[in-house]
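The primary structure of each chain is shown beneath.
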Amino acid sequence: MSIDSPFARLAVNPAIEIERAVSELRYGRPVVLTEGESAIAVSALDALAPDTFDQFAAVSAQQHVLYLTQERAARLGLKTNGPVCVPLTGTGFEQASRLAYALDADRPSRFAKASLLMERSAELAITALLLPAMVCTPIDAKDERFSGCISLDASVLNGGGTARQTFQQVARTPVPLKDHGMAEFVVFRGGLAQKDQVAIIVGQPDFSKPMPIRIHSSCITGDLYGSLKCDCGDQLRNGLDLLAQAGGGILLYLDQEGRGTGIGAKMRAYGFQHRGLDTIDADAELGLSADHRRYEAAVAMLGLLGINNVVVFTNNPTKIAALRKGGIGVQSRTPVLGRVTVENENYLRTKTIRAGHMLELDSLVAAE
Ligand SMILES: Nc1nc2c(ncn2[C@@H]2O[C@H](COP(=O)(O)OP(=O)(O)OP(=O)(O)O)[C@@H](O)[C@H]2O)c(=O)[nH]1
Ligand SMILES: [Zn+2]
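Residues numbered from 1 in each chain as written. Chains lettered and ligands numbered in written order. Predicted model: local features only at pLDDT ≥ 70, side-chain atom pairs only at ≥ 80, totals over all residues. Heavy atoms only, no water.

Enquirer: Lay out the overall build of the protein chain in plain terms, naming residues and giving numbers.
Expert: Looking only at helices and strands, the protein chain features 15 helices and 14 strands. Taking 368 residues into account, the globule formula puts the C-alpha radius of gyration at 21 Å, and the protein chain, at 23 Å, falls close to it. Counting only C-alpha atoms, the protein chain reaches 65 × 65 × 30 Å along its principal axes. Counting only residues that meet the buried cut, the protein chain has 49% of its 368 residues in that class. (Helix = DSSP H or I, 4+ residues; strand = E, 2+ residues; numbered from the N terminus. Rg over C-alpha atoms; globule rule 2.2 N^0.38 Å. Buried < 20%, exposed > 50% of the residue type's maximum accessible area, 1.4 Å probe, protein only.)

Enquirer: I'd like to hear about the nonpolar core, residue by residue, with values.
Expert: Counting residues in each nonpolar core, the largest one holds 35 residues, and the members touching the most others are L45, F53, L66, L68 and V135. Secondary-structure elements contributing two or more residues to this core are β2 (38–44), α2 (50–59), β3 (65–68), β4 (84–87), α4 (93–101) and α10 (262–274). Of all the elements, α4 adds the most residues to this core, at 5 residues. Setting aside residues no more than four positions away along its own chain, L66 makes contact with L45, V84, C85, V86, L88, A96, L99, A100, A133, M134 and V135. In this structure, I18, A21, I40 and A125 belong to the second largest nonpolar core, which totals 29 residues. (Core = buried A, V, L, I, M, F, W, Y, C linked by side-chain atoms within 4.5 Å. Contact = heavy atoms within 4.5 Å.)

Enquirer: Quick rundown of the coordination of the zinc ion (ligand 2)? Include the residues and the values.
Expert: For a metal with four tetrahedral donors the ideal donor-metal-donor angle is 109.5 degrees, whereas six octahedral donors ideally subtend 90 or 180 degrees. Taken together, C219 (SG), C230 (SG) and C232 (SG) make up the full set of protein donors to the zinc ion (ligand 2), lying 2.1 to 2.2 Å away. All donors of the zinc ion (ligand 2) come from a single chain, and their spacing in sequence reads C-x10-C-x1-C. Of this pair, C219 sits in the loop between β11 (211–217) and α7 (220–225) while C230 sits in the loop between α7 and α8 (232–245), and the two are 11 residues apart along the sequence. The exposure class assigned to C219 is buried, which follows from its relative accessible area of 4%. (Donors = N, O, S within 2.8 Å, 3.2 Å for Na, K, Ca; no water.)

Enquirer: Describe the pattern of salt bridges, with residues and values.
Expert: Side chains that differ in charge, positive against negative, can pair when their charged atoms come close. Under the definition given, this model contains 18 salt bridges. Measuring nitrogen to oxygen at the nearest pair gives 2.8 Å for the salt bridge that ties R75 to E285. Within this pair, whereas R75 is found in helix α3 (residues 70–75), its partner E285 is found in helix α11 (residues 279–285), the two being separated by 210 residues in sequence. The partly exposed category is assigned to R75, whose relative accessible area is 33%. With a relative accessible area of 3%, E285 lands in the buried category. Residue R354 is joined to D281 by a salt bridge in which the shortest nitrogen-to-oxygen separation is 3.1 Å. Pair noted here: R354 is in helix α14 (residues 345–354) and D281 is in helix α11, with a separation of 73 residues, a long-range link. According to the relative accessible area criterion, R354 is partly exposed, its value standing at 43%. (Salt bridge = Lys/Arg side-chain N within 4 Å of Asp/Glu carboxyl O.)

Enquirer: Talk me through the packing of helix α5 (residues 116–127) against helix α6 (residues 154–165); I want residue IDs and the actual numbers.
Expert: As a packed pair, α5 and α6 sit with axes 10 Å apart at the nearest point and diverge in direction by 35°. Relative to α6, the crossing made by α5 is left-handed. Each of L117, R120, L124 and T127 in α5 lies in contact with α6, whose residues at this interface are A154, L157, N158 and R164. Along the lines of polarity and charge, the residues of the contact of α5 with α6 split into 4 nonpolar, 2 polar and 2 charged. (Axes fitted to C-alpha atoms, helices over the stretch in contact; angles between N-to-C directions. Left-handed = near helix turned anticlockwise from the far one by under 90°. Nonpolar A, V, L, I, M, F, W, Y, C, P; charged D, E, K, R; others polar.)

Enquirer: Explain the site of ligand 1 residue by residue, including any values.
Expert: Taken together, 25 residues lie near ligand 1, and R214, T314, N315, K319 and K351 sit nearest. Between ligand 1 and the protein, one listed contact pairs an oxygen atom with a side-chain N or O atom of R214 at 2.8 Å. Here ligand 1, which alone exposes 670 Å², has 100% of that area covered by the protein. Among the elements that line the shell around ligand 1, the one with the most residues is β11, at 4 residues. (Near = heavy atom within 4 Å. Polar contact = N/O pair within 3.5 Å; in protein donor to acceptor, adjacent residues only side chain to side chain. Areas by Shrake-Rupley, 256 points an atom, 1.4 Å probe, with all protein chains shown as cover.)

Enquirer: Describe the sheet that holds β4, naming the residues involved and giving the relevant values.
Expert: Here we have 7 strands laid out as an open sheet, ordered β5-β4-β3-β6-β2-β1-β7, and mixed in their pairing. Only two strands of the sheet have a single neighbouring strand rather than two, namely β5 (112–113) and β7 (150–153). Across 2 bridges, the pairing between β4 and β5 is antiparallel. Bridge pairing in β5 places V84 opposite K113. (Pairing = 2+ DSSP bridges.)

Enquirer: Give a detailed account of the packing of aromatic side chains, specifying residues and quantitative values.
Expert: Counted under the stated rule, the structure contains 2 aromatic pairs. Between the aromatic rings of F53 and F93, the centroid separation amounts to 5.8 Å while the plane-to-plane angle is 65°, which identifies the pairing as edge-to-face. In this pair, F53 sits in helix α2 while F93 sits in helix α4, placing the two residues 40 residues apart along the sequence. Residue F53 is classed as buried on the basis of its relative accessible area, which comes to 0%. Geometrically, the ring pair formed by F56 and F146 is tilted, given 5.4 Å between the ring centres and 55° between the ring planes. Here the residue F56 occupies a position in helix α2, and F146 occupies one in the loop between β6 (134–138) and β7, the gap between them amounting to 90 residues. Per residue, the accessibility class of F56 equals that of F146, and both read buried. One cation-aromatic arrangement involves K229 over Y270; the distance from NZ or CZ to the ring centre is 4.5 Å. Over the ring of Y101 we find R268, and its NZ or CZ is 5.2 Å from the ring centre. (Phe/Tyr/Trp six-rings, centres within 6.5 Å; stacked < 30°, edge-to-face > 60°. Lys NZ or Arg CZ within 6 Å of the ring centre and 35° of its normal.)

Enquirer: Outline α2, listing residues and values.
Expert: Residues of α2 that are buried include every one of F53, F56 and A57, and no others. Projected onto a plane normal to the axis of α2, the buried residues spread over an arc of 100° and lie on a single side. Opposite the buried face of α2, by more than 90 degrees, sit the exposed residues D51, Q55 and A58. If you follow the buried residues of α2, they end up packed against β2, α4 and β6. Of the residues trailing α2, A61 is marked for its positive phi of about 55°. (Arc of directions from axis to C-beta.)

Structure (structure tokens):
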């Protein structure tokens, strides 16, 4: 007897399909990506171990390749203006991993332009907080070798756009803060592969006026443990102070550790920074761009709080552009400064020179 379950239709929701694929990748299982007649089976190297890597190689009959982003290809010295794929025939797990992430890896002698499907699979890995080095093999649509693996039409990934903007409020509760009196914590759920995120309302802001806001990306090392490698902890506390001084405002604390790459990637990048690379080059060694953050959550949270005009506390022009793109009016900007230390000076300099943040670093250093 067939049962007409109301849950059956959930399977056609792109967000659920993407979240399932993200989960499969994180657990080291291949995902099949299709587009028209083309299909690839793909695993994220970051989530594989020697045995699962060898299994993929055997099932692919050694016809597998390693997808590398343009950033990684450039660090390897490959002359290309896009992502590449390198044949993996006969290559072991350790060697493939060196090619994907090691600081002093040899330049591969053979490579080709990567396909669009491979590029899409790397987007999926970033959503999964995995490094975008993908083990891929072309397959036939009727190929049984990867049966049992999740299959995703690449067009479903476009459907993720709506999910990234879809949030709901799940709680709104007063919390007394040591330095700022009674605040309100408003929790939002939604997006793609995101933890629940929090807006913190400090003071008694006037909702009829442009709202003072700070958008803060989570930084476990700086916010919680006082790491001297960045200015995040100081900015978090100074940001709350500034909002309180403005008569009240809202801090959006976003699930964007490591500029959207996750704590694992961030700590791997720190390893490279200890060997002399700046933040952007360290991320590029891992195949990452300078910034993977997205701001749909911030726009949606503001919308749900009934806010469409803001005064924003930031030095980061991308945050302002993202708010405006999302239909939020930005009336003005106020800088938020942290302490300049011996340990974070290079981090701040890179932000200013290479990422275009609006910091007058030399005057800050002189003032210390
Ligand atoms: N990948 C990477 N991320 C880092 C590093 N240091 C800090 N971060 C992350 O950078 C982000 C900093 O975010 P924010 O405090 O919002 O700062 P911002 O983008 O500089 O903008 P404003 O502070 O608003 O001017 C957080 O996600 C940190 O986890 C690093 O060395 N590598
Ligand atoms: Zn930080």
